[in-house]
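For reference, the chains in residue letters:
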Protein chains: 2
Amino acid sequence: MSSVRVGIVGLGNVGRGTLRLLRDNAREIEAKLGFGLRVSAVCSRSVLRRRSAAAELHPTARKTADWQDIVRDPRVDVVAELVGGTGAARRIVETALAAGKPVVTANKELLAEHGPEIWARHSSRGGWLGCEAAVCGGIPVLKALREGIAGDRIDALVGILNGTSNFILTEIERTGSPFGDVLEEAQSRGYAEADPSADVDGHDARSKLAILAALGFGERVLPEQIAVEGIRRIRNIDFAYAGRLGHTIRLLARARREPGGLRLAVGPALVGKNTILAGVTGSYNAMWVQGNGGDTFYYGKGAGPAPTGVAVVSDLMSAARSVRETAAEFASPFGHASLAQHSPVSSESEVRQFYLRFRVRDRPGVLASLASKFAAQGVSVDAVLQEPHFDKNDLPFVMTLEPAERSALSAALREIRELDFLVDDPLALPMVPTLADGGDLR
Amino acid sequence: MSSVRVGIVGLGNVGRGTLRLLRDNAREIEAKLGFGLRVSAVCSRSVLRRRSAAAELHPTARKTADWQDIVRDPRVDVVAELVGGTGAARRIVETALAAGKPVVTANKELLAEHGPEIWARHSSRGGWLGCEAAVCGGIPVLKALREGIAGDRIDALVGILNGTSNFILTEIERTGSPFGDVLEEAQSRGYAEADPSADVDGHDARSKLAILAALGFGERVLPEQIAVEGIRRIRNIDFAYAGRLGHTIRLLARARREPGGLRLAVGPALVGKNTILAGVTGSYNAMWVQGNGGDTFYYGKGAGPAPTGVAVVSDLMSAARSVRETAAEFASPFGHASLAQHSPVSSESEVRQFYLRFRVRDRPGVLASLASKFAAQGVSVDAVLQEPHFDKNDLPFVMTLEPAERSALSAALREIRELDFLVDDPLALPMVPTLADGGDLR
């Protein structure tokens, strides 16, 4: 099947992330859709004057400085508006929708202020508007509210929706530095804008909450209807006092269905240290949702070229399915037009640190004899732990191994099972890194 | 618009949860879709013989003991298969798809073993198959992988996919009781089946991982291709040793893209205590996904009538949109056919505990004078905290208040601002419960 043709307007951070993912993940995208996404045109004010690394990832894409060239081009099937703001962006979105093209946007401000009106004007003509990238970047919170948990009645929702202010708050907590110093640091590292007001005064989170309120509670909320307070007055001493109360401080966007109506607020608040939102540190975003059917929590990077690019590309894929009407109807529950056959990778080839728990009848030489079996397979012992006060005839103790292939561990265990001091078969568990905050999943 | 008519086959836990949500959330569902979902028929072997509270929530629904009555009924637009197993369930799903009806299923076993073949047979005829309820109950992880982060290339995925074994492991950790005792306790509380093997031996998690592997990596995996290990051999002492190593133990389902292929495994593993998966306790489920675009984490209740019912009802809503072709194309990005106008609730009416941080020029009577202003508004002070070693001319200290309406706090603060010992305006932050594990979001 021929590719669906994408036009990208705006080559800032999000545009660049989108273009990169569209190239790097082209194979996976085609396997999922059953057809490709091809970038047929890109637009930015400077793309004709200056070299754009991202645009050059797609050498066949036409370059233009005039967005009208994109939205009116019959060779563009789907438009991504990645300009931001509510001026040109609004005209781009409306003109593309009016031309019958599905539109993907990352523009929270435009959506919060004018989204429902734009939608009302164009939905009757079969419009398609994707906006996953507008809230919580790479975390598909809108998809969750709109479809994944659509059957729930949402009672409350609490989000950490602004990564910059969360980074600043957790840096104040971590380093004890004053707000101004941490803000400067964030600016120098590119985490905060030269004018940080939208982030630190809560306006960015407020726009996002207005969008979430529409999806979660079906109400048209204007951002200015939401009480907002920023984080400029939070000091290190507040974290010290909050800590003594078993709490920390986060900038929360909150929505709660109450008898009198929908209560909405954005502002710093104390949250218990043992809660899941307290664990959200650095520039991460998160959303907690409580419904009458269940509670769910969503967490990830809320900003940056790659995470936001994921949301844009995912929406472009849905938009492309809507262009290919049949494909939309026939979308596989398994997310791929067809599945490849799996060839299992032997568990013996896995390289890991391992935890080994032995139960032995204790006597001199036990440790030496176990260690020698590992050494014979070229595996180093990392640590030996033995808690006191156990029965010498059934003594449990633990060894951890330096990273080794499981086949070497298995070979050593085959020999160890022959030893007469074992009370039962050794227990071997892999040690799996699973993401401390900011860490990597391997 | 007239309602879309739903037929439910199977009135076990999930069927009952589904029927309850379809009634309790009928108003919200209709606001979202723009039309209603009506339960037109229910089927279970005993529904004609015994009173079924759930079925009676829908008094107009026809009752039958023969599933053929449902799938062949022209007055049923959409079928939910909630029977489980791979025998009758398979015939129900295939017959309904062959009859051109969208099908929603919660059946992980059927999907893992036969799903791709069933889909291949029926997709060409315009089939629609929803299966969000099959993995992680109320957490929309399939929707996330299939659509929300479809633009990402998934590199690794780690899940806690079986609530029963997670409950057992965290109870062993918490109480120090042996596996057998905790299992018995779980059985008596209805958290574990009389035959617990599917849960504690890892087979349930394995079926779910096979489904996730299809969505995340595009590979057709048979459950028996995945190495599996259960939790029966984990003892309290393992948690003690793991704890000394800064780790805990979880039953993990793991998938990782490696040069040699897709590595899949289910088994207990050590995970660092400061990682997000270590924080998943009790019967909760979770999934971590690492892609080349970003990391995301999803968390919630993986089982139970209500959470699983949310997934079934959400799929029924998508299925209903696919029946109403136009509605599918025109689905609002805001998740509702139309939005209600928001009437803000005054922030002054919010009832909360509050944290107040003062900066004062210290002198005798400061505390008494502040406390009297709160007392005058009927607000009780909960705690007073004062760290030592601060400048007496700019002394920060904290009061927390018992739950009070913000209007009372505001009235007290208006008077307090008149006091001459304040160095700056008091900082008032709400204390917001945000879900310790198992707690409630208020």
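Refer to the structure presented above.
Residues numbered from 1 in each chain as written. Chains lettered and ligands numbered in written order. Predicted model: local features only at pLDDT ≥ 70, side-chain atom pairs only at ≥ 80, totals over all residues.

A.B. asks: Just to check I follow, could you spell out the overall build of chain A for this structure?
C.D. replies: The number of helices and strands found in chain A is 15 helices and 18 strands. Overall size of chain A, expressed as C-alpha extent along the three principal axes, is 85 × 60 × 45 Å. By the burial criterion, 56% of the 442 residues in chain A qualify as buried. Within chain A, contacts between residues separated by at least 24 positions form 72% of all contacts whose residues are at least 6 apart in sequence. (Helix = DSSP H or I, 4+ residues; strand = E, 2+ residues; numbered from the N terminus. Buried ≥ 20, exposed ≤ 12 C-beta atoms within 10 Å, placed from the backbone. Contact = placed C-beta atoms within 7 Å.)

A.B. asks: Mind showing me how you'd approach helix 4 (residues 88–98) of chain B here?
C.D. replies: Three or four residues apart is the spacing at which side chains of an α-helix point the same way, because the helix has 3.6 residues per turn. Residues and elements named next belong to chain B. Of the residues making up helix 4, those classed as buried are A89, I92, V93, A96 and L97. Within helix 4, the buried residues cover an arc of 120 degrees as seen down the axis, which keeps them to one side. Directly beyond the C-terminal end of helix 4, a positive phi value near 80 degrees is found at G100. (Arc of directions from axis to C-beta.)

A.B. asks: What should I look at first to understand the nonpolar core in this one?
C.D. replies: Nonpolar side chains tend to gather and get buried jointly when the protein is soluble and globular. In terms of nonpolar packing, the biggest core is built from 280 residues, with L209 and L316 of chain A together with L209 and L316 of chain B touching the most fellow members. When residues no more than four places from it in sequence are discounted, the contact partners of L316 of chain A are V6, L37, V78, A80 and V104 of chain A. (Core = buried A, V, L, I, M, F, W, Y, C linked by C-beta atoms within 7 Å.)

A.B. asks: Would you mind showing me how to read the pairing of strand 11 (residues 261–272) of chain B here?
C.D. replies: A regular strand carries its side chains on alternate faces of the sheet. Residues and elements named next belong to chain B. Of all 12 residues making up strand 11, 10 are buried, and the element is well covered by its neighbours. Where strand 9 (residues 227–228) meets strand 11, two bridges bridge the pair, whose relative direction is parallel. Residue pairing for strand 11: A227 is matched across the bridge by A265. As defined by bridge partners, strand 10 (residues 247–258) adjoins strand 11 across 12 bridges and the pair is classed as antiparallel. Within the sheet, the bridge partner assigned to R257 lies in strand 11 and is L262. The loop that links strand 10 with its antiparallel partner strand 11 comprises two residues. (Pairing = 2+ DSSP bridges.)

A.B. asks: Teacher, can you tell me more about the packing of helix 7 (residues 163–175) of chain A against helix 8 (residues 179–188) of chain A here?
C.D. replies: For any two helices packed against each other, one specifies the inter-axial angle together with the distance between the axes. Residues and elements named next belong to chain A. One can describe the packing of helix 7 onto helix 8 by two numbers: an axis separation of 9 Å at closest approach and a directional angle of 130 degrees. Judged by the inter-axis angle, helix 7 sits oblique to helix 8. Helix-helix and strand crossings are classified by hand; for helix 7 and helix 8 the assignment is right-handed. Together, T164, F167, I168, E171 and I172 of helix 7 and F179, V182, L183 and A186 of helix 8 make up the contact between the two elements. (Axes fitted to C-alpha atoms, helices over the stretch in contact; angles between N-to-C directions. Parallel < 35°, antiparallel > 145°, perpendicular 65-115°, else oblique. Left-handed = near helix turned anticlockwise from the far one by under 90°.)

A.B. asks: Just checking my understanding: could you explain the relation of the copies chain B and chain A for this structure?
C.D. replies: One copy of the chain maps onto the second through a rotation around an axis plus a translation along that axis. The transformation that overlays chain B on chain A combines an axial shift of 0.0 Å with a rotation of 180 degrees, and the residual RMSD is 0.0 Å. Taken together, the turn and the small shift mark the pair as related by a two-fold rotation axis. Judged by C-alpha distance, Y298 of chain B is the residue of chain B that lies nearest the rotation axis, at 2.4 Å. Taken together, the interface assignments show that 100% of the residues at the interface of chain B recur at the interface of chain A, consistent with an identical surface on both copies. (Least-squares fit on C-alpha atoms with pLDDT ≥ 70 in both.)

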